[in-house]
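Architecture at a glance
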Amino acid sequence: MTDKQKQILVGFFSGLLIASFFHFATRAPNTSLKTLLDGYEYRSYDARMKSRASRSEEASIDDVIIIDIEQNSIESLGNYHEWPHAYHGQLIDVVTSGNPKALLFDIIFDEKSADDFYLVDALATNQVNLDPELSQFADQFLVSHDPTRFVWSTSASPATHHALVFENADSNNFLYAMNQIPESYQAGKHKIIVPEFIANHLPVAERIGNKYYELLNASHGAGSANFPQDTDGIIRRAPTAIFLKGPKKVFPSLVLSAVKDILKIPNDGFEYDFDNYVLSLRNENGDIVRQIPIDDQGRMYVNYYGLFKTFYYIPYMYAFDQEMLDPSYWDGKVALVGASLPGLMDLRNTPVQETFAGVEIHANVIHSILQDEFVTKSSKQQNAIALIGLSVLIGILGSLPKKPYWGFLFLLIGGFVWIIFTYDQFLSRLFMWEVVRPTLSMALTQLGVLSYSLIIMDKDKRFLKNTFSTYISPKLIDQMVESKEEPKLGGNEAVHTAFFTDIESFSTFSEKLSATELVELLNSYLTDMTTILLENQGTLDKYIGDAIVGFFGAPMPVEDHEYWACVTALEMDARLKELRIRWKSEGARWPEIVHSMQNRIGIHTGPMVTGNMGSTQRMNYTMMGDSVNLTARLESSAKQYGVYIQVSEDTQKAVKDRMTFRALDKMVVLGRSEPIQTFELISKKGQEPDIYKEILPQFHKAKDLYMNKEFVEAEGIFNELDTLEDMFPGRKINPSRVFKDRCKHLKQNAPDDDWNGVWTLSSK
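Right, let's walk through the structure included here. (Residues numbered from 1 in each chain as written. Predicted model: local features only at pLDDT ≥ 70, side-chain atom pairs only at ≥ 80, totals over all residues. Heavy atoms only, no water.)

**Details of the sheet that holds strand β16 (residues 334-339)**
With respect to topology, 6 strands assemble into an open sheet ordered β7-β3-β2-β16-β1-β15, the strand pairing being parallel. Looking at which strands have only one partner, the edges of the open sheet turn out to be β7 (221-224) and β15 (311-315). Shown here is a sheet whose adjacent strand axes are inclined to one another by a mean of 30°, direction ignored. Against the sheet, helix α4 (residues 86-96) contacts β1 (61-69), β2 (102-105), β3 (160-164) and β16, and its axis sits at roughly 160° relative to β2. Each of β1, β15 and β16 touches helix α12 (residues 358-371); the most contacted strand, β1, lies at about 160° to it. (Pairing = 2+ DSSP bridges. Helix = DSSP H or I, 4+ residues; strand = E, 2+ residues; numbered from the N terminus. Axes fitted to C-alpha atoms, helices over the stretch in contact; angles between N-to-C directions. Contact = heavy atoms within 4.5 Å.)

Dropping the structure here:
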């Protein structure tokens, strides 16, 4: 077999193996890899959905209408929270008199006090000679505030559907799981009938959050208004039903409650097929009238027809007054009552828009069902065929060129064609193919072919020299060629001190400096800082832009490596002060931002692996391990406290007798679950600036009060210390201000009894 035939065969099997990996390994439930790739798949889906939605015009859909509680209605009818329920009863009477298909309330109602109504009624009834004008006002008030109007109108309407809210139990707030439907709620006509083994697939709730059972009993239909978000906070899918766990009852969504009525679906007409991921709706005659694609929890992908207000919005004040809008307008339409005002807390994040009225999501769902237009996701079999076919094709094509890098041309063409194809399929058919997995599979297949070409097919001296000449001597390369040996990868695990530093807000420097000036400034800074690192027995790992990564204790042992890391940090800080003075003395050559340059440093001592690491093509003497990642987090999180040298407790314990620290926080950094105690390195013992001799005792006293939940006293001390902190140019925050603000927050949001002071950082 020739080398070319071997290469083609390698391409074929590379594509097959990598495609199989992506199809099986990246779909294993509850794995980080699945979560990561699904997240990127969702983003590609969002891009396609937004592209499709952007084509629609505002108010272009008018067979599903949104009755909007918006600003004009608030100004006309008063504060929404003070509206009498009789307003909603009047709206039901007006709208349903126009013969709509359905009227849905995307609002959760609680009973309102009727004391004012009964007081006015009593006063008007018991007055013998009531002033005519006052009598007319009283009559108008009694009509518009009749507490029975809403329930009576709901009961009389053949089209009104009210929202149910389902919750999980919260024993801390005395919201316990329901073992049965409340006796006050006659839920028989609202629930649907599905087998229990099917119900177990559906989203589960433990209790009904509604309390206004009289209204629900009067409602022609009722359903869940819940819209669970995906893990990234975006609403892409809508439940079709909810399984109430205790009573073992299934309730449709608010939209499906209306659809059930419109399409004449009986309570047992919901047929879930979780083998083929389809929900079939059968009407009273037994005919399948809809087949809705669903996921493994019975949720359907929301078909967003456009951006916010693609559906026709009518102000509430017009809809409930038949003199302003003739009821015949509602004939054959679906009406949804909801709110678009930000203050009413019903704005959601969707693939097409970050701020989107929740009621319009319901509108999209019901319009999709009535129009029989659904988003369909590719099946497992289709995904497997696409992955294997594309990867094998790229593997074979990438093996054909004499120069292996030309194979990337086939990769670019294949990726481009696949993306265009998936967009076309979605825009024309609402069919959702995967994009990320096939693209990554093709890319890794091409990399596999390239790796084989470079590693196996080109084992000559030039390859070895090009790969290792900067790492080992030419003499050793000659020996490797003769013996066909290569450098060995590997490392040793031990406790060392990791050291990270970079320049604060360095990205803004590129806006102020030319490329030449930026390089000159950075070279000057890195030279001085690296010199200090090496003079104090540190090992330079790498530069990452303006960042310096180093460690102490390897490859040669260093006694007191924690101490030398702290000394290095202090000397770097001192040297940077000298550089700032020099740059400032050079006048207009450097902009003001250079005159106030600051760097942040993170130091942590812990177990890590040091040694030759990388690939067989290129190695580097470096460090790896969780301790390294933690050090990077200490450096980056220092900005959240306004400090410039942040040290872990493991380092602080080793040098606390020779260094002065400020105890900062007990925190959980991003990417970890275990808390760590951190400190600000101030100086060597006895060399503290005078201001810290005053700040540190009071700061630690305030921290003790803070840890004891005495937030009022602690806030007072932190407030005084905030005025003492040195807020030099460029420093936007300081530890005293951080804890002062945190005390304010904790006063208003009291922590749990078992609170231990741990603070979780939400960013790096």
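Moving on from the model shown.
**What to know about the layout of surface pockets**
Rolled over the atoms, a probe sized like a water molecule indicates the empty space that remains. Here the second largest pocket is characterised by a volume of approximately 740 Å³. Looking at the second largest pocket, it is lined by 27 residues, and the ones nearest its centre are Asp573, Lys577, Arg580, Asp726 and Phe728. Of all the secondary structure elements, the ones that give two or more residues to the lining of the second largest pocket are α20 (561-585), α21 (592-595), β28 (676-684) and α24 (690-707). Per element, the largest residue contribution to the lining of the second largest pocket is 7 residues, and it comes from α20. Per-class residue counts for the lining of the second largest pocket are 11 nonpolar, 6 polar and 10 charged. (1 Å grid on protein atoms, 1.4 Å probe; cavity = no way out; pocket = protein on both sides within 12 Å on 5 of 7 lines; lining within 4 Å. Points joined across faces, edges and corners; volume = space filled by probe spheres on them. Nonpolar A, V, L, I, M, F, W, Y, C, P; charged D, E, K, R; others polar.)

**Here's the deal with the packing of aromatic side chains**
All chains considered together, the criterion is met by 36 aromatic pairs. Considering the side-chain rings of Phe308 and Tyr313, the 5.7 Å spacing of their centres and the 80° angle between planes classify their relative orientation as edge-to-face. The ring of Tyr305 has Arg52 sitting right over it, with the charged end atom 5.9 Å from the ring centre. The ring of Phe699 carries the charged tip of Arg662 above its face, separated from the ring centre by 4.7 Å. (Phe/Tyr/Trp six-rings, centres within 6.5 Å; stacked < 30°, edge-to-face > 60°. Lys NZ or Arg CZ within 6 Å of the ring centre and 35° of its normal.)

**Overview of the environment of Asp106**
Relative to the helices and strands, Asp106 is located in the loop between β2 and α5 (115-126). Judged by its relative accessible area of 13%, Asp106 falls in the buried class. A C-alpha to C-alpha distance of 7.1 Å links Asp106 and His162, two positions 56 residues apart in sequence. Non-local contacts of Asp106, meaning those with residues more than four positions away in its chain, are made with Ala225, Leu254, Val337, Asp346, Gly358, Val359 and His362. At 3.5 Å, the side chain of Asp106 forms a polar contact with the backbone nitrogen of Val359. (Buried < 20%, exposed > 50% of the residue type's maximum accessible area, 1.4 Å probe, protein only. Polar contact = N/O pair within 3.5 Å; in protein donor to acceptor, adjacent residues only side chain to side chain.)

**Remarks on a nonpolar patch on the surface**
Where nonpolar side chains cluster on the molecular surface, the patch consists of Trp406, Leu409, Ile413, Phe416, Val417 and Ile420 and spans about 640 Å² of accessible area. Inspection of the secondary structure puts Val417 in helix α14 (residues 407-429). Taking relative accessible area as the criterion, Val417 reaches 48% and is therefore assigned partly exposed. (Patch = residues over 30% accessible without salt bridge, like charges linked within 9 Å, V, L, I, M, F, W, Y side chains within 5 Å. Areas by Shrake-Rupley, 256 points an atom, 1.4 Å probe, with all protein chains shown as cover. Salt bridge = Lys/Arg side-chain N within 4 Å of Asp/Glu carboxyl O.)

**Focus: the nonpolar core**
Counting 61 residues, the largest nonpolar core has Phe270, Tyr272, Val334, Ile366 and Ile369 as the members making the most contacts within it. The leading source of residues in this core is α12, at 7 residues. In this structure, Val334 is in contact with Asp63, Val64, Ile65, Lys101, Ala102, Leu104, Ile262, Ile366 and Leu370, ignoring residues within four places of it in sequence. Counting residues in hydrophobic clusters, the runner-up holds 38 residues, among them Leu533, Met572, Leu576 and Ile603. (Core = buried A, V, L, I, M, F, W, Y, C linked by side-chain atoms within 4.5 Å.)

**Re the side chain of Arg207**
As for its position among the elements, Arg207 is in strand β6 (residues 207-208). Among the polar contacts made by the side chain of Arg207, one reaches the main-chain carbonyl oxygen of Tyr176 at a distance of 2.8 Å. Setting aside residues no more than four positions away along its own chain, Arg207 makes contact with Val165, Phe166, Glu167, Asn168, Ala169, Leu175, Tyr176, Met178 and Leu244.

**Overview of the pairing of β28**
Within β28, 8 of the 9 residues are buried, leaving the element largely enclosed by the surrounding structure. Here strand β26 (residues 645-648) pairs with β28 via 3 bridges, running antiparallel. Residue Ser648 lies in a different strand from β28, and its bridge partner there is Thr678. Where strand β27 (residues 659-668) and β28 come together, 8 bridges link them in antiparallel fashion. By the bridge assignment for β28, Ala663 is matched with Phe679.

**Considerations on the pairing of β2**
Of the two faces of β2, the one holding Ala102 and Leu104 and the one holding Leu103 and Phe105 are both buried throughout. Of the pairings in the sheet, the one linking β2 to β3 comprises 3 bridges and is parallel in character. When the bridges of β3 are listed, Phe105 appears paired with His162.

**Quick notes on the pattern of salt bridges**
A full pass over the atoms with the stated rule returns 34 salt bridges. With a closest N to O distance of 3.9 Å, Arg582 and Glu586 form a salt bridge. Residue classification places Arg582 among the partly exposed residues on the basis of a relative accessible area of 35%. You can call Glu586 partly exposed: its relative accessible area is 30%. Across the pair Arg662 and Glu725 runs a salt bridge, and its minimum N-O distance is 2.8 Å. Highlighted residues: Arg662 in strand β27 and Glu725 in the loop between α25 (711-724) and α26 (735-748), separated in sequence by 63 residues. It is possible to trace a salt-bridge network through shared partners that takes in Asp46, Asp230, Asp232, Arg236, Arg237, Asp295 and Arg299.

**A few points about α25**
Here α25 spans 20 Å end to end across 14 residues, near enough to the 20 Å set by a 1.5 Å rise per residue. Turning to α25, its buried residues are Phe711, Ala714, Glu715, Ile717, Phe718, Leu721 and Asp722. Where α25 is buried, its residues contact α24 and α26. (Expected span 1.5 Å × (residues − 1).)

**As for the sheet that holds strand β11 (residues 270-273)**
Pairing within the open sheet is antiparallel, and its 3 strands lie in the order β11-β12-β13. Since the sheet does not close on itself, it has two edges, and those belong to β11 and β13 (288-293), each with one partner. Going from strand to strand, the sheet's axes swing by 20° on average, the running direction of each strand aside. In this structure, strand β12 (residues 278-282) lies alongside β13, joined through 5 bridges in antiparallel fashion. Bridge assignment links Ser280 to a residue of β13, and that residue is Gln291.

These values are about where atoms sit, not about what they do.
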